[in-house]
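Observations on the three-dimensional arrangement
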Amino acid sequence: MKISQSDWLRALAVQPPQQLSATLDSLSLNWTIAPKQLTQTGLAALKLRDGAFNDPFFIGEIPLSSAWIVVTTETGECYEGAAQLMDDSAQKIEQLALCDAILSHQLSGWESIYALVEKGMQMIDQERALRKKLLVKTTVDFALLNASEDDDDEV
């Protein structure tokens, strides 16, 4: 199953943190990993625009983390990876950026990271199916509600 690059981080983010750490540790990488930009964690304001007057307004804050790294291999080649996620863990976002570099450039051990992506997509698909089942169970037929209101009016 081919999974698009846009889904990689989402699939890896649902993995337990210890699973991601164990997989990266098992690769025994002798690479130098340096930030291209300092890792940032914190809150981001969520801004929307009013539909009538096009005025901006803020509906709240969300946790947001971002990382951009440079991986230098034993041979001196440099590769970049980046990640941005609605989360507040600096360690997790740096691991996801490393996974992005490994997968994007198919560096040593990319197959084991991709196996985690496939497992994560299966977890996401199972969650989606469960939510779909719950949505079907909670569907309301408003026509029936209207009919019962009409019955009350006749009494």
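The structure displayed is predicted, hence computed values, not measured ones.

Criteria and cut-off values
- Residues numbered from 1 in each chain as written.
- Predicted model: local features only at pLDDT ≥ 70, side-chain atom pairs only at ≥ 80, totals over all residues.
- Heavy atoms only, no water.
- Buried < 20%, exposed > 50% of the residue type's maximum accessible area, 1.4 Å probe, protein only.
- Helix = DSSP H or I, 4+ residues; strand = E, 2+ residues; numbered from the N terminus.
- Pairing = 2+ DSSP bridges.
- Expected span 1.5 Å × (residues − 1).
- Contact = heavy atoms within 4.5 Å.
- Axes fitted to C-alpha atoms, helices over the stretch in contact; angles between N-to-C directions.

Of the two faces of strand 3 (residues 78-85), the one holding Y79, G81, A83 and L85 is buried and the one holding C78, E80, A82 and Q84 is not buried anywhere. Across eight bridges, the pairing between strand 2 (residues 56-72) and strand 3 is antiparallel. Considered in strand 3, the bridge of S66 is made with Q84. Hairpin connection between strand 2 and strand 3: a loop of five residues separates the two successive antiparallel strands, and G76 in this loop has a positive phi of roughly 90°.

Its 28 residues give helix 4 (residues 110-137) an end-to-end C-alpha distance of 41 Å, which sits within 8% of 40 Å, the value for a rise of 1.5 Å per residue. Here helix 4 has its buried residues at I113, Y114, L116, V117, G120, M121 and I124. On its buried face, helix 4 is in contact with helix 1 (8-13), helix 2 (17-26) and helix 3 (90-104).

Next up on the list: the sheet that holds strand 2. The strand order across the open sheet formed by three strands is 1-2-3, and the pairing between neighbours is antiparallel. For this open sheet the edge positions go to strand 1 (32-49) and strand 3, each flanked by a neighbour on one side alone. The mean inter-strand angle of the sheet, taken between neighbouring strand axes irrespective of direction, is 15°. With respect to the sheet, helix 3 is in contact with strand 1, strand 2 and strand 3, its orientation differing from that of strand 3 by roughly 135°.

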